Amino acid sequence: EAVRRQVKGEALALRAWIHFDVYRLFAPDVKRNGSKKLLPYVRLFGIETTEVSSGDEYIGLVLEDLRASLELLTTDPIREVVPYALWNEGDKDRNKDGADRYVARMNYYAVKALMARVYLAMGESEKARTLADEVIACEKFRLVNRKESIDIAAEYQDVLFSDEHIFTLRNKSIPDYAKAVHVTPDQYSRVPLPLAGNIRELYDGLYEDVRLAIWVDGSVFEKYTKGDPKHFFPKVPVIRLAEMYLISAEAWLDDDAAMALGRLNELRISRSNADSGLQEISLEDIVLEYRREFIGEGQVFFMYKRLNRNIPLGPGFSDVPASDRIFVVPLPDREIEYGNRVQN
């Protein structure tokens, strides 16, 4: 029974996570869909197509699955350990695979973190910050410790800040994918997806930011191409503790600016050994921190969409205006042709 509850709890959370990302890609912003029929939320396996749900119905099903998952995962083994502390006994290679047994799969705290992400998207600030603060307070994860994980020999550096991973996916091909778009020049001697020329300005030069130091080499993006798989198996971070700090900061902003600034400063100190230096905090400060923190992880696009903000492209280029033309990915032709798309 314990195994059944664990497997079902993880499966329900994975279904919610996948469907929420489908929604973030293929539907307009969560806060303004309401009764409009948008996408199918598939809960039954079979050959029949699922009827399309309204925006409210769809997000309701996401949360329904997450609540059910949380109930099933109350005895999740992660609640009895501190994953980042599980260094392999006597491991001379400083391998952190011990933590992966708990975070390289959907777990109890990943469910809470995902719920915080969903509630923030919905504009439910109080619910979002409550959940984010609970994940921060559980002390199962920690912001990167520079002394132990960064200020050490390059081959052992924890480039992806794995102590912060709440849910991550292993992907042995990610270094090759990343090299192909960020590092290896094409036939015209250009990197297909270079960093913006003003990337250092993003980190503003006001403090020594470890993210700039280990993720960027000139105009080359090294977040997924650096490091030895013997020490840190290639991974794709899905939910990290840093996101909980930024969700908390944004969700506290209107009600308790001091709390919001405190959350931002905690994150900044872990990255630079200095706080933000701000006396007051604004949404723009949080947006800038998202841009610094989640470079190469896909979360910044969803942040722009959620806030309906123009996308900056850097010196010499105009911002991309915020619009559904940019933020909503067109439905696949097969979904339009074969989907159970009952019209309003």
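Let me begin by describing the structure that accompanies this report. On a predicted model such as this, the values are computed, not experimentally measured, just so you know. (Residues numbered from 1 in each chain as written. Predicted model: local features only at pLDDT ≥ 70, side-chain atom pairs only at ≥ 80, totals over all residues. Heavy atoms only, no water.)

## Notes on the overall build of the protein chain
Selection rule: Only runs of H or I of at least four residues qualify as helices and only runs of E of at least two qualify as strands under DSSP, and these elements are numbered from the N terminus. Here the radius of gyration uses the C-alpha set of atoms, whereas the globule reference equals 2.2 Å times the residue count to the power 0.38. Each residue's exposure class comes from its accessible area (1.4 Å probe, protein chains only) as a fraction of the maximum for that residue type: buried when under 20%, exposed when over 50%, partly exposed otherwise. Throughout, a residue-residue contact means that at least one pair of heavy atoms, one from each residue, lies within 4.5 Å. Note on areas: Shrake-Rupley with a 1.4 Å probe; residue coverage comes only from the protein chains shown. Charged residues are defined here as Lys and Arg on the positive side and Asp and Glu on the negative side; His and the ends of the chain fall outside this count. In plain terms, the charge of a residue is placed at NZ if it is Lys, CZ if Arg, CG if Asp and CD if Glu.
If you tally the helices and strands in the protein chain, you get 15 helices and six strands. Against the globule reference of 20 Å for 344 residues, the protein chain gives a C-alpha radius of gyration of 21 Å, in line with a compact fold. Each principal axis of the C-alpha atoms in the protein chain carries an extent, and together these give about 55 × 55 × 50 Å. Counting all 344 residues of the protein chain, 48% fall into the buried class. Within the protein chain, residue pairs in contact and separated by at least 24 positions form 67% of the contacts whose partners lie at least 6 positions apart. In the structure as shown, the protein chain presents an accessible area of about 17000 Å², 53% of it carried by carbon and sulfur atoms. Positive and negative charge centroids in the protein chain, built from 47 and 56 side chains respectively, lie 3 Å apart.

## Comments concerning the packing of aromatic side chains
So the rule is basically this: The rule is short: rings of Phe, Tyr and Trp, with Trp giving its six-membered ring, pair when the centres are within 6.5 Å, and they are stacked under 30 degrees, edge-to-face over 60, tilted in between. Lysine NZ or arginine CZ positioned within 6 Å of the ring centre and within 35 degrees of the ring normal marks a charge as sitting over the ring.
All chains considered together, the criterion is met by 10 aromatic pairs. Look at Tyr 109 and Phe 141: their rings are 6.0 Å apart centre to centre, the planes differ by 80°, and that puts the pair in the edge-to-face class. Of this pair, Tyr 109 sits in helix 4 (residues 108-122) while Phe 141 sits in the loop between helix 5 (125-137) and helix 6 (146-149), and the two are 32 residues apart along the sequence. Of the residues examined, Tyr 109 reaches a relative accessible area of 8% and is grouped as buried. According to the relative accessible area criterion, Phe 141 is buried, its value standing at 5%. The interplanar angle of 40° and the centroid separation of 5.6 Å between the aromatic rings of Tyr 290 and Phe 294 together place this pair among those described as tilted. Lying over the aromatic face of Phe 302, Arg 24 brings its terminal NZ or CZ to 3.8 Å of the ring centre. The ring of Tyr 108 has Arg 79 lying over it, and the distance from NZ or CZ to the ring centre is 4.0 Å.

## A word on the side chain of Glu 250
Secondary-structure assignment places Glu 250 in helix 10 (residues 241-252). When sequence neighbours within four positions are dropped, the list of residues in contact with Glu 250 reads Leu 120, Leu 283, Ile 286, Tyr 290, Arg 306 and Leu 307.

## Focus: helix 11 (residues 257-272)
Because the α-helix completes a turn every 3.6 residues, residues three or four places apart line up on one side. Heads up, the rule is: In this analysis, the expected span of each helix is defined as 1.5 Å times one less than the number of residues it contains.
The end-to-end C-alpha distance of helix 11 is 22 Å, a good match for the 22 Å that 16 residues give at a rise of 1.5 Å each. If you check which residues of helix 11 are buried, you get Ala 260, Leu 261, Arg 263, Leu 264, Asn 265, Leu 267, Arg 268, Ser 270, Arg 271 and Ser 272.

## Concerning helix 5
The end-to-end C-alpha distance of helix 5, which contains 13 residues, comes to 18 Å, matching closely the 18 Å that a straight helix rising 1.5 Å per residue would cover. Buried positions along helix 5 lie against helix 4, strand 3 (165-170), helix 10 and helix 11. Phi for Glu 139, located one or two positions after helix 5, is positive at around 60°.

## Some thoughts on the packing of helix 2 (residues 55-72) against helix 4
Counted only if it meets this: Throughout, an axis means a line fitted to C-alpha atoms (over the contacting stretch in the case of helices), and angles, computed between N-to-C directions, take values from 0 to 180 degrees. Roughly parallel here means an angle under 35 degrees, roughly antiparallel means over 145, roughly perpendicular means 65 to 115, and every remaining angle is called oblique. Each helix crossing is assigned a hand: it is left-handed if the near helix lies turned anticlockwise from the far helix by less than a right angle, otherwise right-handed if that turn is clockwise.
Orientation of helix 2 relative to helix 4, taken along the N-to-C sense of each, is 155°, at an axis distance of 10 Å. On the basis of their axis angle, the class for helix 2 and helix 4 is roughly antiparallel. In terms of crossing hand, the pair formed by helix 2 and helix 4 is left-handed. Of helix 4, the residues touching helix 2 (which contributes Ile 59, Val 62, Leu 63, Leu 66, Arg 67, Ser 69 and Leu 70) are Tyr 108, Val 111, Lys 112, Leu 114, Met 115, Val 118, Tyr 119 and Met 122.

## A few points about the pattern of salt bridges
Applied cut-off: When a carboxyl oxygen of Asp or Glu is within 4 Å of a side-chain nitrogen of Lys or Arg, the pair counts as a salt bridge.
As enumerated under the stated definition, the model contains 34 salt bridges in all. Between Asp 324 and Arg 32 there is a salt bridge, and its shortest N-O distance comes to 2.4 Å. Taken together, the residues Asp 324 in helix 14 (residues 324-327) and Arg 32 in the loop between helix 1 (2-26) and strand 1 (37-40) connect sequence positions 292 residues apart. Look at Asp 324 and you get partly exposed, because its relative accessible area is 32%. Where Glu 134 meets Lys 112, a salt bridge forms, and the shortest distance between an N and an O atom there is 2.7 Å. Residue Glu 134 is located in helix 5, and its partner Lys 112 is located in helix 4; the two are separated by 22 residues in the primary sequence.

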